[in-house]
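Observations on the three-dimensional arrangement
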Amino acid sequence: MDGFLEYVPGNSFLHRLNPVTKIAFAIMFAIACFCTGNLVFLCLMLALGLALAASCSMMRQTLGLMRAVLAFSLVLAVLLLLTTPKGDLLVELPWGYIGSDSILAAVVTVIRLEAAAIPLFLTFYVTKMTDLSNSFVKVLHVPYRYAFTFASTVHFIPVFMNDMRGIMEAQTARGVEFDQGGMVRKIRLMVPLCVPLLISSVRKTNSSAIAAEVRGFNLRTRESGYKRYPMTGADWAVIALGVVVLAAAIALSLL
Amino acid sequence: MIEIEDLTFQYRESDAPVIEDMSLSIPSGAFAGIIGAAGSGKSTLTYALNGIVPHCYPGDFYGSVRIDGNDTCDTTLTDLSQMVGSVCQDIDSQFVSAVVEDEMLYGLENYGVPHDQIEGRVQEALEAMGIADLRQRLIASLSGGQKQKVAIASILAMRPSVLVLDEPTAELDPASSRNVFALLSHYAEAHGTTVVVVEQKIALLSEFTDLLVVVEAGRIRFAGAPEEVLAHSEELLEIGVNCPRCTTLMNRLAAGGLYAGPVCTDVPSACRALCEVAA
Ligand SMILES: Nc1ncnc2c1ncn2[C@@H]1O[C@H](COP(=O)(O)OP(=O)(O)O)[C@@H](O)[C@H]1O
Ligand SMILES: [Mg+2]
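Residues numbered from 1 in each chain as written. Chains lettered and ligands numbered in written order. Predicted model: local features only at pLDDT ≥ 70, side-chain atom pairs only at ≥ 80, totals over all residues. Heavy atoms only, no water.

Regarding the interface of chain A and chain B
Under the convention used in this document: Contacts are residue-level and defined by heavy atoms, with any inter-residue pair within 4.5 Å sufficient. Here's the idea: put two parts together, see how much 1.4 Å probe accessible area each one loses, and the total over both is what we call buried area. One side-chain nitrogen of Lys or Arg within 4 Å of one carboxyl oxygen of Asp or Glu is enough to make a salt bridge. Whenever two N or O atoms come within 3.5 Å, that pair is a polar contact, provided that in protein one can donate a hydrogen and the other can accept it, and provided that, for residues adjacent in sequence, both atoms are side-chain atoms. Helix and strand assignments come from DSSP, with helices taken as H or I runs of at least 4 residues and strands as E runs of at least 2, each series counted from the N terminus. Residues are grouped as follows: Ala, Val, Leu, Ile, Met, Phe, Trp, Tyr, Cys and Pro are nonpolar; Asp, Glu, Lys and Arg are charged; every other residue, Gly included, is polar.
Counting residues at the interface gives 29 residues for chain A and 31 residues for chain B. Of the roughly 2700 Å² buried where chain A meets chain B, counting both sides, 56% is carbon and sulfur surface. For chain A, the biggest contributors to the area lost against chain B are V214, R215 and Y226 of chain A; these three give 33% of the whole. For the interface between chain A and chain B, the tally reads five salt bridges. E101 of chain B is the salt-bridge partner of K227 of chain A, the closest N and O atoms lying 3.7 Å from each other. Summed over the shared surface of chain A and chain B, the number is 12 residue pairs in polar contact (both at pLDDT 80 or more). Per-element accounting of the side of chain A that touches chain B gives the leading share, eight residues, to helix 8 (residues 183-213) of chain A. In terms of residue class, the side of chain A that touches chain B is made up of 11 nonpolar, nine polar and nine charged.

Written out as structure tokens, the structure is:
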């Protein structure tokens, strides 16, 4: 999981887009996925997402993400399968049946979650957190305080995961067997570790807040930022594409 | 010029003062080193210098700390930070950016340095720390020594008149530690910057500092030129500060009446002195 949600340097088309564009497109893309249950459309969206990932050579990270989303969405899919008795009867269940439409609904759920997640995650891999928060301040006039809080939260995710791994390794070295037994046992072993993790996290966020303050955090305004984030023609084109995709999804759902 | 007068400080959570009755004056342009056992209050002393105490950590604060005549209690932390640059002990929590260049810009942007001066300042600070080639690198991909230099450079770019560093070489090997000190002292000399550094490696302190402060349980035990302070090698050992071995050796010879010269703080001078004694 190393490098999870961490910026990967590069100079691809996606890297060079305005961070605001990337977020806006990713959000419109995700909403579009949830607007319609049209399987063909969702498959096209998934293909588009993968094409985007390929365009910035982020396939390895994307496949890792897809595997994680798959595990999660399969659970949902199975639930749907067992609880939505629709379409032609395929399998009898004591409380209903699995129908052909149940299978369709399950497949749609998996594809939809996979497709919706890709652009959102890609955004973090091709955008520096500082650029994301600075551009939100410059372009969208978001107060710096909020942008910074958001940026720090994301910045700390890999730090926390690293700490967690460190603690688990230390416990494993002392004979705690995390890889044995079921989910419940695993969770029971993890809970006591959360306390030291929480304490060290609070301490870290506290000292980084102080470090930011002694570097003039309180003086920062929209004018402070040195870098400019102009919206270029490419940015507007990508936003237009997002709008088209969203409109298509809404149109499909109304048909 | 830093003046500490009868400073006593106790954190709200602790049941005894962490700093007791300290008085110390550090002249402008000095390179001062602070040494002492773990928990003796060195970090807290640096907080008192950069204003984090009392502005961020509440507690009982008696006495005064003045930086160029400004009382730290009456000056806002934001104003103080323009005079006193701080490199904290845990540099990973100091970094706000993923890339070196953005880290360098942060303080400059906040303090409203005119945009046409920013490029020059960034380049100068990077060169002062010898890391101009790391400008576009991801901070996460750097070695410990490189990270430390980035942390220092990002503060130097703000051109503070006082620079406070808390154990900057704790995680570095001896060669990179010495390199960091050499770069720092070169920069400080060129810019007239006052440097206060907490450091456990006594050999580095005796080589680079002109004022050595030994802290024991919140009090100043010794303060003076390294040669003066290191003359007390036996007492220093008792409070957990190991002198360089050559210093201890020559002090023992002096105590035994076999050597009467000045205190030796490094191997070459001890060598020369030994040759004289032998002859
Ligand atoms: N933020 C804090 N709140 C409460 N107590 C603290 C805090 N920081 C340090 N202390 C206490 O103050 C004492 C001195 O700590 P510190 O100044 O960090 O020493 P040193 O840097 O010499 O190891 C320790 O006993 C420590 O527990
Ligand atoms: Mg300390």
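Once the structure has been displayed, the description carries forward.
Some remarks on the state of the cysteines
Residue and element names in this part refer to chain B. Quick note on the threshold: Working definition: a disulfide is two cysteine sulfur atoms within 2.5 Å of each other. When a residue's accessible area, from a 1.4 Å probe over protein chains only, is under 20% of the maximum for its type it is buried; when over 50% it is exposed; and in between it is partly exposed.
A full pass over the atoms with the stated rule returns zero disulfides over all chains. For the unlinked cysteine C264, the closest cysteine sulfur is that of C246, found at 6.9 Å. On the basis of relative accessibility, which here comes to 3%, the residue C264 falls in the buried class. C271 carries a free sulfur, and the closest cysteine sulfur to it, the one in C275, is 5.5 Å from it.

Overview of the site of ligand 1
All names here are of chain B. Selection criterion: Only a single heavy atom is needed: when it lies within 4 Å of a molecule or strand, its residue is near that molecule or strand. Note that accessible areas follow from Shrake-Rupley with a 1.4 Å probe, and for residues the cover is restricted to the protein chains shown.
Residues in contact with ligand 1, as listed here, are Y11, E13, V18, A37, A38, G39, S40, G41, K42, S43, T44 and Y57. In the model, a nitrogen atom of ligand 1 is placed 3.5 Å from a nitrogen or oxygen of the E13 side chain. Interatomic distance of 2.8 Å between a side-chain N/O atom of K42 and an oxygen atom of ligand 1. Protein contacts shield 64% of the accessible area of ligand 1, which totals 560 Å² for the unbound molecule. Among the elements that make up the shell around ligand 1, the one with the highest residue count is helix 1 (residues 42-50) (three residues). Considered class by class, the residues forming the shell around ligand 1 number five nonpolar, five polar and two charged.

Considerations on the domain arrangement of chain A
All names here are of chain A. Rule in force here: Just so you know, the domain bounds were taken from an automatic or database domain assignment.
Domain annotation for chain A reports domain 1 (1-140 + 228-255) and domain 2 (142-221). Counting residues at the interface gives 12 residues for domain 1, matched by 10 residues for domain 2. Here domain 1 and domain 2 share an interface that buries about 1000 Å² over both sides, 76% of which is from carbon and sulfur atoms. Broken down residue by residue, the surface that domain 1 buries against domain 2 is led by F4, M129 and V137, which jointly contribute 40%. Counting across the domain 1 and domain 2 interface gives zero salt bridges. For the pair domain 1 and domain 2, the number of links is three residue pairs in polar contact (both at pLDDT 80 or more). Ranked by residues supplied to the side of domain 1 that touches domain 2, first place goes to helix 6 (residues 129-140) with seven residues. In terms of residue class, the side of domain 1 that touches domain 2 is built from nine nonpolar, two polar and one charged.

Details of empty space enclosed by the protein
All names here are of chain A. Using the following cut-off: Any residue with an atom within 4 Å of a point lines the site, the site being either a cavity, points on a 1 Å grid over the protein atoms alone where a 1.4 Å probe fits but cannot get out, or a pocket, an open set with protein on both sides within 12 Å along at least 5 of 7 lines. Grid points are joined across faces, edges and corners, and a volume is the space filled by probe spheres set on the points.
The tally for this structure, following the rule as stated, stands at one cavity of 30 Å³ or more. For the lining of the largest cavity, the elements supplying multiple residues, two or more each, are helix 4 (59-83) and helix 5 (100-126). The dominant element in the lining of the largest cavity, judged by the number of residues it contributes, is helix 5, at four residues.

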